[in-house]
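Letter by letter, the chains look like this.
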Amino acid sequence: MTLLNPFAPKADAAGASDSRHEHHEEEPRRHLFVNRPKVYPADVHGPFRRLKWLVVGLLLAVYYVTPWLRWERGPGIPDQAVLVDMVGRRAYFFFIEIWPQEVYYLTGLLIIGAFAIFAASTMVARLWCGYTCPQTVWSDLFMWVERKIEGGRTDRIRLDKAPLSTAKILKKTAKHGAWIVISLLTGGAWIFYFNDAPTLLRQMAQGEVSSGVLLFTGLFAFTTYFFAGWAREQICIYVCPWRSYQSAMMDEDTFVVTYQDWRGENRHPVRKSQSWEERAAEGWGDCVDCKLCVHVCPTGTDIRKGQQISCIGCGLCVDACNSVMEQMGRPGNLILYDSQSNQIAKTEGKPATVRLIRPRTIVYGLIMLTVSCVMAAALLLRPSVEVSVLRDRAPLFVTLSTGDIQNAYTIKILNKTHTARDYAVGLSGLPAARLSLAGEGGEVAAALNLSAAPDSVATYRILVRTPAGSVASGSSDVSVVVTDKASGEAARHGTVFMAP
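Residues numbered from 1 in each chain as written. Predicted model: local features only at pLDDT ≥ 70, side-chain atom pairs only at ≥ 80, totals over all residues. Heavy atoms only, no water.

Participant: Residue-level account of the pairing of strand β14 (residues 490–499), with values.
Facilitator: When strand β13 (residues 474–484) meets β14, the two strands line up antiparallel, connected through 10 bridges. Bridge pairing links V481 to R492 in β14. Where β13 folds back onto β14 in an antiparallel hairpin, the turn is made up of 5 residues, including G488, whose phi is positive at roughly 80°. (Pairing = 2+ DSSP bridges. Helix = DSSP H or I, 4+ residues; strand = E, 2+ residues; numbered from the N terminus.)

Spelled out as structure tokens, the structure:
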């Protein structure tokens with residue numbers, strides 16, 4: 001098989017190469033990749049910008065404040081409201097305590113979160129991307145710092161093009177210094193979710209933190225600094241997979257940021273001496289081609305070219321365009337949140353409609369409701385005691401001098417309560433069986449009295465024996481039953497008893 005070079009000179013029918021190459025004429029160099037122009041988002045004022053600031057402030061407050069909230073759980077138990085205790089192998093969320101064996105709750109939360117984003121995208125496209133995505137939140141914060149230090153869009157462009165000077169060095173240093181401080185606070189706050197916040201802060205102040213804490217704080221600080229300070233819109237456009245999934249979530253009734261080209265085209269700058277009636281007569285639309293909608297976009301998207309994968313649906317271009325239309329004395333909402341079906345209806349002179357309840361939104365809602373109900377029921381009905389059993393495999397059984405058949409088991413009793421509990425441990429399915437603790441020479445009985453410390457797993461090795469004539473040869477199904485003596489709650493685990 002011959003591989004063809006698409007950049008090689010093309011041969012004619014006789015096999016000769018193009019005459020241009022024979023005369024060594026230069027051709028424009030072809031690049032597989034081009035540098036993306038730097039985006040300098042301009043500041044804008046309006047309802048969507050105020051909404052974004054409100055969401056940014058709320059989410060940042062929740063992120064930084066949550067590790068400091070307290071929740072009393074009793075003596076010896078962490079009182080941090082939200083804590084992932086890796087050492088103690090627990091996750092605490094206010095009144096909910098999750099054990100490692102209950103990781104399925106995390107799976108349920110991920111399912112609910114995923115379908116919530118699906119539902120939001122079906123109704124209002126990239127609502128998550130434009131307002132609540134961490135990349136968007138911290139990029140907004142970093143850009144606000146950048147504007148405060150380096151100035152508006154024009155000032156920042158001039159500063160980057162200007163030769164190196166003392167003023168430029170001071171501004172750049174101040175900006176990156178502020179970014180680094182925010183990044184360290186971000187990484188530090190994230191570590192607080194995995195450690196007791198007041199204790200860890202005191203250790204940081206005293207310089208007594210572990211290398212692991214320093215490593216993860218630095219890692220999260222670096223990713224925040226790089227993603228929000230340098231990469232910014234490139235994360236949304238090239239890295240984040242959600243930009244590709246959104247097209248599958250949208251339909252003709254999805255509300256997206258829309259440029260009404262039937263009203264704005266043909267676009268042309270306005271002349272002071274020209275009336276809007278004269279513009280209309282000459283075939284010009286309401287768009288005056290000021291490009292302010294492009295300048296305020298955090299990803300540099302020109303929404304006038306239609307829906308694009310780079311648009312995150314933040315609506316800042318709506319604020320920008322409405323401010324221009326107001327100055328021109330024209331009706332607003334040349335750019336607005338609208339659906340494809342509404343745009344078709346408007347061009348046909350039909351009334352616009354809103355269809356938020358559709359088959360796919362109903363399906364997403366039912367899935368979220370079902371998973372939420374299952375998780376709530378599991379939380380309300382989950383037992384305070386669990387047991388796991390592992391039968392010894394070597395040997396499979398032992399024949400005692402009395403003729404009894406003996407099997408050995410390792411049982412683990414999980415006490416989910418905050419107090420020490422006593423349990424009665426018995427065997428179901430083998431009436432003649434007697435139990436004893438291995439290695440202690442204790443009394444053989446039909447049930448054992450065992451205990452477990454608060455919030456812990458108690459491990460015991462027990463021996464089960466039964467007369468040879470009371471059990472069938474081979475494998476017999478049995479269950480280890482653990483009963484809480486105080487509450488009467490029982491947990492069981494199936495296993496087998498082996499006999500010759």
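Past the structure itself, the notes keep going.
Participant: Could you give an account of the environment of S339, with specific residues and numbers?
Facilitator: Along the chain, S339 falls in the loop between β5 (335–338) and α16 (340–347). S339 sits 85 residues away from T254 along the chain, and the two C-alpha atoms are 5.2 Å apart. Only 3.2 Å separates the side chain of S339 from the backbone nitrogen of N342, close enough to count as a polar contact. (Polar contact = N/O pair within 3.5 Å; in protein donor to acceptor, adjacent residues only side chain to side chain.)

Participant: Give a detailed account of helix α6 (residues 153–161), specifying residues and quantitative values.
Facilitator: For α6, the full list of buried residues reads R156, I157 and L159. Along the axis of α6, the buried positions cluster into a sector of 160°, meaning they face one direction only. Among the exposed residues of α6, those oriented more than 90 degrees off its buried face are R158 and K161. (Buried < 20%, exposed > 50% of the residue type's maximum accessible area, 1.4 Å probe, protein only. Arc of directions from axis to C-beta.)

Participant: Can you tell me about unusual backbone geometry, naming the residues and giving the values?
Facilitator: Here the bond from E265 into N266 is cis, since omega is 0°, no more than 30 degrees from zero. Take N266: it is sitting in the loop between α12 (261–264) and α13 (276–281). Cis geometry marks the peptide bond from A394 to P395, where omega comes out at 0°. Positionally, P395 belongs in the loop between β6 (385–391) and β7 (398–399). Phi is positive for A125, which is not a glycine, with a value near 50°. Within the secondary structure, A125 is located in the loop between α3 (104–124) and α4 (127–132). Phi is positive for R232, close to 50°, though the residue is something other than glycine. Within the fold, R232 resides in the loop between α9 (211–231) and α10 (233–239). Residue R232 is classed as buried on the basis of its relative accessible area, which comes to 9%.

Participant: Please give an account of the sheet that holds strand β1 (residues 82–85) that cites residues and values.
Facilitator: Across the sheet, 3 strands lie side by side as β1-β2-β3; this open sheet has antiparallel pairing. At either margin of the open sheet sits one strand with a lone partner, and together these are β1 and β3 (96–98). Across the sheet, the axes of successive neighbouring strands diverge by a mean angle of 10°, strand direction being ignored. Summarising the sheet, β1 and strand β2 (residues 90–93) pair through 4 bridges and their orientation is antiparallel. For L83, the partnering residue across the bridge sits in β2 and is Y92. (Axes fitted to C-alpha atoms, helices over the stretch in contact; angles between N-to-C directions.)

Participant: Residue-level account of the pattern of salt bridges, with values.
Facilitator: Counted by the stated rule, this structure contains 29 salt bridges. Between D251 and R358 there is a salt bridge whose closest N-O contact spans 3.2 Å. Within this pair, whereas D251 is found in the loop between α11 (242–249) and β4 (256–259), its partner R358 is found in the loop between α16 and α17 (359–381), the two being separated by 107 residues in sequence. R358 sits in the buried class, given a relative accessible area of 2%. (Salt bridge = Lys/Arg side-chain N within 4 Å of Asp/Glu carboxyl O.)

Participant: So what about the sheet that holds β13? Which residues, and what values?
Facilitator: Strand order across the open sheet formed by 4 strands is β11-β9-β13-β14, with antiparallel pairing between neighbours. This sheet does not close on itself; its edge strands, each paired only once, are β11 (447–452) and β14. Shown here is a sheet whose adjacent strand axes are inclined to one another by a mean of 30°, direction ignored.

Participant: Describe the packing of aromatic side chains, listing the residues and the values that go with them.
Facilitator: Tallied over the entire structure, the rule returns 18 aromatic pairs. Where F115 meets Y364, the ring centres are 5.9 Å apart and the plane angle is 55°; that geometry is what we call tilted. Here F115, found in helix α3, pairs with Y364, found in helix α17; they are 249 residues apart in sequence, far enough to count as distant. Considering the side-chain rings of W179 and Y225, the 6.3 Å spacing of their centres and the 65° angle between planes classify their relative orientation as edge-to-face. With a gap of 46 residues between them, W179 in helix α7 (residues 166–192) and Y225 in helix α9 connect regions that are remote in the sequence. (Phe/Tyr/Trp six-rings, centres within 6.5 Å; stacked < 30°, edge-to-face > 60°.)

Participant: Lay out the environment of Q135 in plain terms, naming residues and giving numbers.
Facilitator: Mapped onto the secondary structure, Q135 falls in helix α5 (residues 134–150). On the basis of relative accessible area, Q135 is assigned to the buried category, the value being 11%. For the pair Q135 and G177, spaced 42 residues apart in sequence, the C-alpha to C-alpha distance is 20 Å. Those residues in contact with Q135 that lie beyond four places of it in its chain are F227, A228, R232, I235 and C236. Polar contacts involving the side chain of Q135 include one to the main-chain carbonyl oxygen of F227, which spans 3.0 Å. A distance of 3.1 Å separates the side chain of Q135 from the backbone oxygen of R232, its partner in a polar contact. (Contact = heavy atoms within 4.5 Å.)

Participant: Which residues make up a nonpolar patch on the surface, and what are the values?
Facilitator: On the surface, a nonpolar cluster with roughly 600 Å² of combined accessible area is contributed by V354, L356, I357, I362, L366 and L369. For L356, the location among the structural elements is in the loop between α16 and α17. Among the residues examined, L356 registers a relative accessible area of 39% and is labelled partly exposed. (Patch = residues over 30% accessible without salt bridge, like charges linked within 9 Å, V, L, I, M, F, W, Y side chains within 5 Å. Areas by Shrake-Rupley, 256 points an atom, 1.4 Å probe, with all protein chains shown as cover.)

Participant: Could you give an account of the environment of Q246, naming the residues involved and the relevant values?
Facilitator: The topology assignment puts Q246 in helix α11. Q246 sits 153 residues away from T399 along the chain, and the two C-alpha atoms are 66 Å apart.

Participant: Go over the side chain of E150 with me, naming the residues and quoting the values.
Facilitator: Tracing the sequence through the fold places E150 in helix α5. A relative accessible area of 4% means that E150 is categorised as buried. Among the polar contacts listed, one links the side chain of E150 to the side chain of K175, at a separation of 3.2 Å. Residues in contact with E150, not counting those within four places in the same chain, are D155, R156, L159, K171, K172 and K175.

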